[in-house]
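Descriptive structure summary
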Amino acid sequence: MTIPTPDPLRVALWLAALGYAVHPLAPGLKVPVRGCDRCSPGTAERPSPTYVEHDGHACPCHAAGRPCHGVLAATTDPDRIAGWWARTPTAGVGVAAGPSGLVILDVDCHGGDVPTDPERLLPGVELPNDIAPGSVVDGRDVLALLVEVRRATLPGCAPETLTVRTPSGGFHYWFRAPAGTAWRPQAGALGWQLDVRAGSSYAVAPGTVTRDGAYTVLGDCRTVAELPVWLARDLERTGHRVRPERPRVTLPWRSRSVGSGYVAAAVESELRAVAEAQSGTRNATLNRAAFNLGTLCATGRLEHDQLADVLRDAARHAGLPEREADAAIRSGLSAGERHPRTLPGAAA
C-alpha cells in the first residue's frame, strides 16, 4: 500500500479504507479537535457556559456526526470523514487504537535522567550484568535491551511492520492485536520511555504535520504485522492485556444437609471451580473437586448421592459430557472417602 501525499483528508480516507477508525486532531497539534460547546468545557480563561458534564460514550453527538470526545467519535465512514475535514481542512489525523484493532508501541526519545534502578528501566526483567555505562540514553536503547534479553528481533524488522518516526525522533511501531484480544494503554509500565497506545488511546497518523514537525513512515514497509508473541507476553505480564471478567456462576445446592461454616464454604468453592473450569482442565478439576468433597462424605457431614448430583450440575455448567463427568465424579468421590478429612475444631 502507498501512503498518500500529506493531505489530511486523503490520509484519513486511506486509513479508513484499511479498516482503521480515525478522528480529527486540532490543526498543528496532536490533541483531538475541540468538541461542541455542550461537550467541551473550554479553557480556564474562556469556559463554555453551555458545557454539560456527561459520559462521552453515550453522547448524542456521535449519532449526529460531530467529532466530539476524540477517540469515542472515531469512524471509518468516508462520508462522515469527508464532512469533518471539509469543516477543518488542516486538521491532523488521529487513529483510534482500540476500535482499529491496533497495539502501537510508542518508543520515546526524550533524553533525561536514565534510571539507575533496573526495576524502573525494565520492570520485572532480569537484565544482564555487563550493560556498559552510558549505553542506555533513551527509549530506543531500552527497547534494544529488552529485545536482547528476550533473544528476539527488533520490532519493525522481522516481521516488518508499519513504523512511524515522530517529530522528536521516537518511533511508533504499529501492530495488529491478535484475534479475540483486548489491550489497554499504559505509559512506562513496559519500560522507561516505552509507552503503549491501545484501547482508548490513539496515535498520530503518518503524514500528519504538527508545529513540532511531521510524522513520517520509516523504511519501505506499508503493512501492519500481528503483535509478536514475545512482545505480547511481555505486555500481558505488565498488565496491558484486558482480561474480561467471567460471570460468576449461580449453582443450586439441593442437599438437605448443606451444613454451615467450613463445610458450606468448601462445597461452594469446589462447585464454583468446576463450573468455571476451562476446556482442557474440566475433567481434572471435576475429579479433584470430587476427591476433596469425598473426604467430607467420609466424616458424615455430606451425603454421597446428593453431592454427586450437585457435582453433575457444576460439570454441566462447564460443558463436560455426562459420561465423562460421571466417571470423574465416581472415581474422585471413592478416592476421597478413603481419606477422611479432619475438620477444623474437631476433637483429636
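Since the structure is predicted, the reported quantities are computational estimates derived from the model, not experimental observations. (Residues numbered from 1 in each chain as written. Predicted model: local features only at pLDDT ≥ 70, side-chain atom pairs only at ≥ 80, totals over all residues. Heavy atoms only, no water.)

With respect to the pairing of strand β5 (residues 171–176)
Of all six residues in β5, five are buried; the element is thus mostly enclosed. Strand direction decides the pairing type here: strand β3 (residues 102–107) and β5, joined by six bridges, are antiparallel. Note that in β5 the partner of Asp106 across the bridge is His172. With three bridges joining them, strand β4 (residues 163–165) and β5 adopt antiparallel strand pairing. When the sheet's bridge partners are listed, Thr163 is paired in β5 with Tyr173. What sits between β4 and β5 in their antiparallel hairpin is a turn of five residues, with Gly169 showing a positive phi close to 95 degrees. (Buried < 20%, exposed > 50% of the residue type's maximum accessible area, 1.4 Å probe, protein only. Helix = DSSP H or I, 4+ residues; strand = E, 2+ residues; numbered from the N terminus. Pairing = 2+ DSSP bridges.)

Details of the pattern of salt bridges
Between side chains of opposite charge, pairing is possible as soon as their charged atoms come close. Evaluation of the coordinates by the stated rule reveals twelve salt bridges. Notably, a salt bridge pairs Asp234 with Arg150, separated by 2.8 Å at the nearest N-O pair. Separated by 84 residues along the polypeptide, Asp234 in helix α7 (residues 229–237) and Arg150 in helix α6 (residues 139–150) bring together distant segments of the chain. Taking relative accessible area as the criterion, Arg150 reaches 32% and is therefore assigned partly exposed. A salt bridge links Arg312 to Asp326, with the nearest nitrogen and oxygen atoms 2.7 Å apart. Taken together, the residues Arg312 in helix α10 (residues 304–318) and Asp326 in helix α11 (residues 322–337) connect sequence positions 14 residues apart. Put simply, Arg150, Asp234 and Arg237 are held in one network by salt bridges that share partners. (Salt bridge = Lys/Arg side-chain N within 4 Å of Asp/Glu carboxyl O.)

A look at the sheet that holds strand β9 (residues 202–204)
Picture the strands of a sheet paired through backbone hydrogen bonds; they go either parallel or antiparallel. With respect to topology, three strands assemble into an open sheet ordered β1-β2-β9, the strand pairing being antiparallel. Strands with a single pairing partner mark the edges of an open sheet, and in this sheet they are β1 (22–25) and β9. Each strand of the sheet is rotated relative to its neighbour by a mean of 35 degrees, with strand direction disregarded. When β1 meets strand β2 (residues 92–96), the two strands line up antiparallel, connected through four bridges. If you follow Val22 over to β2, its bridge partner there is Val95. Against the sheet, helix α1 (residues 8–17) contacts β1 and β2, and its axis sits at roughly 15 degrees relative to β2. Along the sheet, helix α3 (residues 78–87) contacts β1 and β2; its crossing angle with β1, the most-contacted strand, is approximately 5 degrees. (Axes fitted to C-alpha atoms, helices over the stretch in contact; angles between N-to-C directions. Contact = heavy atoms within 4.5 Å.)

Looking at the packing of α1 against α3
As a packed pair, α1 and α3 sit with axes 10 Å apart at the nearest point and diverge in direction by 160 degrees. In this view, α1 runs roughly antiparallel relative to α3, as classed from their interaxial angle. In terms of crossing hand, the pair formed by α1 and α3 is right-handed. Here α1 contributes Pro8, Leu9, Ala12, Leu13 and Ala16 to the contact with α3, which in turn contributes Pro78, Ile81, Ala82 and Trp85. Looking at side-chain class alone, the contact of α1 with α3 contains nine nonpolar, no polar and no charged residues. (Parallel < 35°, antiparallel > 145°, perpendicular 65-115°, else oblique. Left-handed = near helix turned anticlockwise from the far one by under 90°. Nonpolar A, V, L, I, M, F, W, Y, C, P; charged D, E, K, R; others polar.)

Section: the packing of helix α8 (residues 262–275) against helix α9 (residues 282–297)
Across the interface, α8 lies against α9 with an axial gap of 9 Å and an inter-helix angle of 165 degrees. Taken together, the axes of α8 and α9 are roughly antiparallel relative to one another. In the crossing of α8 with α9, the sense of the turn from one axis to the other is left-handed. Taking contact as the criterion, the partners of Tyr262, Val263, Ala266, Val267, Glu270, Ala273 and Val274 in α8 are, on α9, Thr285, Leu286, Ala289, Asn292, Leu293 and Leu296. Of the residues in the contact of α8 with α9, the class split is ten nonpolar, two polar and one charged.

Topic: unusual backbone geometry
One non-glycine residue with positive phi stands out, namely His69, at about 70 degrees. Positionally, His69 belongs in the loop between α2 (61–64) and α3. The exposure class of His69 is partly exposed, given its relative accessible area of 26%. With a phi close to 60 degrees, Gln193 is a non-glycine residue in the positive phi region. With respect to the helices, strands and loops of the structure, Gln193 is situated in the loop between β7 (186–191) and β8 (194–197). Overall, Gln193 belongs to the buried group, its relative accessible area being 9%.

Notes on the environment of Leu25
Tracing the backbone through its elements, the reader meets Leu25 in strand β1. Residue classification places Leu25 among the buried residues on the basis of a relative accessible area of 0%. Distance from Leu25 to Thr210, taken between C-alpha atoms, is 9.7 Å for residues 185 residues apart in sequence. When neighbours within four sequence positions are excluded, Leu25 is seen to be in contact with Lys30, Val31, Pro32, Val33, Ala91, Gly92, Val93, Gly94, Tyr202 and Val204.

By themselves, these observations are geometric and do not establish any function.
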